[in-house]
Amino acid sequence: MHGPFVFQPGTTRDDSRILSLRHGSVMIIVTAIGTPDSAIERIVEHVERCGLRVNVSRGEQRTIIGCIGDHDRLIAANLGRLEGVEQVLKVGKPYKLASRAFAASPTHVALGDAAGTVVGGRELVVIGGPCSVEGRDMLQHTARAVQASGARALRGGAFKPRSSPYAFQGLGAEALELLAETRRDTGLPVVTEVLDPRQVELVAEYADVLQVGARNMQNFALLTELGQARRRVLLKRGLSATITELLMAAEYILAQGNTQVMLCERGIRTYETATRNTLDVAAIPVLKRETHLPVLVDPSHAAGKADLVTPLAMAAIAAGADGLLVEVHPDPTCAQSDGEQSLTFEAFDQLMRQARVLAGAMGRTIAPATVVESAAV
Ligand code: PEP
Ligand code: MN
C-alpha cells in the first residue's frame, strides 16, 4: 500500500519533515454565541479522545478551541458535527510536499537524461512541437525548426485526449517510435502525453517527460502510477481546477516519492468565448509563491488562436513562468489537431525572439537560436 506522504526508499527528501508537517496540522473551532460550558467540555473531551491537543480560549460571547495534531485525525474527528460548533476553520495548506514550507528552494527538473536543460532555474525553457505526431517528416521538420529557434525539448502527442471519440486519436505506439527516433537525430528530449495508468510503462520507455493532460489532472490512479514510475511529469491544470486542486494533484505524485514534477497553467474555462480558455496569469505568481515546483505555461491551449499565442506567452514570461509549452506545425492549415492555435515555424521563431528580449528584462535567459534565419541572409 502506498499511503499519502510516505516516501519510498531512494528519495532525497527528509521523511521527518513530512511527519512534522502532518502532526502540526491545526483546526480552529468557533462555538456559537451562548454555548453552555457543559457543551464546551463535551467538545474538549471529544477532541482529546481523538488523540488531539486542545487549546481553549474563552471570549465574551464565544469560545475558540484550537485543535492540534495529525491531519487525518483532525479530519476523522468530524468537528463540525459537535453540538455548539458554529464554524471549523482549517489552518495551513492541504498540500505539504508541494509547499514552500517543505522545500524553500526551487526544485530543478532536468528535461533529459544527459546533463543539459533544467527547468526551474534561471533559464526559461521553451518546449515546442506539434499537438499530435502525424508522421515522420512533419515531426523531424518541426523538431529541427523549433530547435533552431531555441526550443530545448520537443512536444508531440502520441495518444490524444480528444473531446470527440470520432476525432483523430493519435498514432499511438507508432508515434512513440517516431519521437524516440527524432530524439536520437536531434538530441531533443521528448514530452508526450500519457492518458491511462496502463500506458505509463510503455510511454515511459520512450518519453523523457510524461505529460498529464488537463482532462486527466484528477485521474488519481494515473497520478499514483506516475509517482511510482519515478519519471519526470508535466502536470497540466484541469479545465476547471483551482490552484489548490492542481497542487493536490501534484501532491499525489510527490507522495509516491517522485519529486520530478513540473506544473503547467494552460488556461481555464470561464464565461469568455473569445479565447478557447482564459489564461490565468495570476496563477503563475500564486504558484511560484506556494510551491517549489517549476511552473510552465501553455499559451497555445489558452489562446486557441495562433495570433494570440505570442501575447499570452509574453504575459506568462512577465508573470514569472519558468518555461513555455508551444504548439508548432509545419502547415497548421493541414494539422490533424489544434491547427488553429499552432504556430508556423516563422511565427514560433518570432515568438522566441520577443521572448528572449523580455526574458532578459526579467533576469532570465532563453537558449539562443542556432541558425541564421533565411530572412536575415
Ligand atoms: C495538448 O497538450 O495537446 C493537450 C491536449 O493539452 P491539454 O491537456 O492542456 O488540453
Ligand atoms: Mn493540442
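Structure: above.
Here is what the cut-offs are and how they apply
Each chain has its residues counted from 1, running along the sequence as written. By the order in which they are written, chains take letters starting at A while ligands take numbers starting at 1. Since the coordinates come from a predicted model, pLDDT governs what is reported: local features require at least 70, and pairs of side-chain atoms require 80 or more to be given and counted, while whole-chain, interface and lining totals use all residues. With hydrogens and water excluded, all non-hydrogen atoms of the structure serve as input to the side-chain values. Near, as used in this document, describes a residue that has one of its heavy atoms within 4 Å of the molecule or strand being considered. In protein, a polar contact requires one atom able to donate a hydrogen and another able to accept it; more generally it is a pair of N or O atoms within 3.5 Å, and residues adjacent in sequence count only if both atoms are side-chain atoms. In this count, Pro and Cys sit with the nonpolar residues alongside Ala, Val, Leu, Ile, Met, Phe, Trp and Tyr, while Asp, Glu, Lys and Arg are called charged and the others, Gly among them, polar. Note: metal donors comprise N, O and S atoms at 2.8 Å or less from the metal (3.2 Å for Na, K and Ca); water molecules are not included, so apparent gaps in a site are possible. Only DSSP runs of H or I covering at least 4 residues are called helices, and only runs of E covering at least 2 are called strands; the numbering of each starts at the N terminus. Two rings from Phe, Tyr or Trp (for Trp, the six-membered ring) form a pair when their centres are within 6.5 Å of each other. A pair whose planes differ by under 30 degrees is stacked, one over 60 is edge-to-face, and the rest are tilted. Type-normalised accessible area, obtained with a 1.4 Å probe on protein chains alone, sets the label of each residue: buried when under 20%, exposed when over 50%, and partly exposed for intermediate values. At least two DSSP bridges between two strands are needed for those strands to be called paired. What counts as an axis is a line fitted to C-alpha atoms, over the stretch in contact for a helix, and the angles between N-to-C directions run from 0 to 180 degrees. Oblique is the label for every angle not falling under 35 degrees (roughly parallel), over 145 degrees (roughly antiparallel), or within 65 to 115 degrees (roughly perpendicular). Residues count as neighbours in contact if any of their non-hydrogen atoms are within 4.5 Å of one another. What counts as a salt bridge is simple: a side-chain nitrogen of Lys or Arg found within 4 Å of a carboxyl oxygen of Asp or Glu.

S.K.: How should the site of ligand 1 be read in this particular structure?
M.R.: Around ligand 1 there are 13 residues in total, and Arg155, Ala214, Arg215, Lys236 and Arg266 lie nearest to it. Contacts to ligand 1 include Gln211, whose side-chain N or O atom sits 3.0 Å from an oxygen atom. His301 places a side-chain nitrogen or oxygen 3.2 Å from an oxygen atom of ligand 1. Among the residues forming the shell around ligand 1, the class breakdown is three nonpolar, three polar and seven charged.

S.K.: Is there a simple way to explain the coordination of the manganese ion (ligand 2) in this structure?
M.R.: The reference angle at a metal is 109.5 degrees if four donors form a tetrahedron and 90 or 180 degrees if six donors form an octahedron. Summarising the metal site, the manganese ion (ligand 2) is bound by the protein donors Cys131 (SG), His301 (NE2), Glu327 (OE) and Asp338 (OD), whose distances to it range over 2.0 to 2.4 Å. Each donor residue of the manganese ion (ligand 2) belongs to the same chain, and together they define the spacing C-x169-H-x25-E-x10-D. Highlighted residues: Glu327 in strand β14 (residues 323-327) and Asp338 in the loop between β14 and α12 (345-361), separated in sequence by eleven residues.

S.K.: What is the right way to look at the packing of aromatic side chains in this model?
M.R.: To describe a pair of aromatic rings, one takes the distance between the centres and the angle between the planes. According to the stated counting rule, one finds one aromatic pair in the structure shown. Both rings, one in Phe220 and one in Tyr252, keep their centres 4.4 Å apart while their planes meet at 25°; by these two values the pair is stacked. Residue Phe220 is found in helix α7 (residues 220-229), and its partner Tyr252 is found in helix α8 (residues 243-254); the two are separated by 32 residues along the sequence. When its relative accessible area of 34% is taken as the criterion, Phe220 is described as partly exposed. Look at Tyr252 and you get partly exposed, because its relative accessible area is 36%.

S.K.: How do you make sense of the pairing of strand β2 (residues 53-58) when you look at a structure like this?
M.R.: A regular strand carries its side chains on alternate faces of the sheet. Here six bridges tie β2 to strand β3 (residues 63-69), and the two strands are oriented antiparallel to one another. Bridge pairing in β3 places Ser57 opposite Ile64. Count of turn residues in the β2/β3 antiparallel hairpin: four residues.

S.K.: How do you make sense of the packing of α7 against α8 when you look at a structure like this?
M.R.: Any two packed helices are characterised by how steeply their axes cross, that is the angle between the axes, and by the distance between the axes. It is at 7 Å that the axes of α7 and α8 come closest, and there the two elements cross at 40°. With respect to their mutual orientation, α7 and α8 come out oblique. Here Phe220, Leu223, Thr224, Leu226 and Gly227 of α7 come into contact with α8, specifically with Ala249, Tyr252 and Ile253. Across the contact of α7 with α8, the residue classes break down as six nonpolar, two polar and no charged.

S.K.: Help me understand the sheet that holds strand β10 (residues 209-212), please; the structure alone is not making it clear to me.
M.R.: Hydrogen bonds between backbone atoms are what pair the strands of a sheet, whose relative direction is either parallel or antiparallel. Pairing is parallel in the closed barrel, where eight strands are placed in the order β7-β8-β9-β10-β11-β12-β13-β14. Averaged over all adjacent pairs, the angle separating strand axes in this sheet is 25°, with direction ignored.

S.K.: What exactly am I supposed to notice about the pattern of salt bridges here?
M.R.: Pairing between side chains becomes possible if they bear opposite charge and their charged atoms approach one another. On inspection of all chains with the given rule, the structure shows 18 salt bridges. Across the pair Lys288 and Asp322 runs a salt bridge whose closest N-O atoms are separated by 2.7 Å. In this pair, Lys288 sits in helix α9 (residues 283-290) while Asp322 sits in the loop between α11 (306-318) and β14, placing the two residues 34 residues apart along the sequence. Taking the relative accessible area as the measure of exposure, Lys288 reaches 21% and is therefore partly exposed. Its salt-bridge partner being Asp322, residue Arg364 comes within 2.8 Å of it at the nearest N-O pair. Of this pair, Arg364 sits in the segment after α12 while Asp322 sits in the loop between α11 and β14; the two residues are 42 residues apart in sequence, bridging distant segments of the chain. Here Arg364 falls in the buried class, since its relative accessible area comes to 15%. Ionic contacts of the salt-bridge type, sharing partners, join the residues Lys93, Arg289 and Glu290 into one network.

S.K.: What am I meant to see in the sheet that holds strand β4 (residues 85-91) here?
M.R.: Strand order in this open sheet of four strands is β2-β3-β1-β4, and the pairing throughout is antiparallel. With partners counted over all chains shown, the strands left at the sheet margins are β2 and β4, one partner each. Here the average twist between neighbouring strands, direction ignored, is 20°. In this structure, strand β1 (residues 25-31) lies alongside β3, joined through six bridges in antiparallel fashion. In the sheet register, Met27 faces β3, and the bridge partner there is Cys67.

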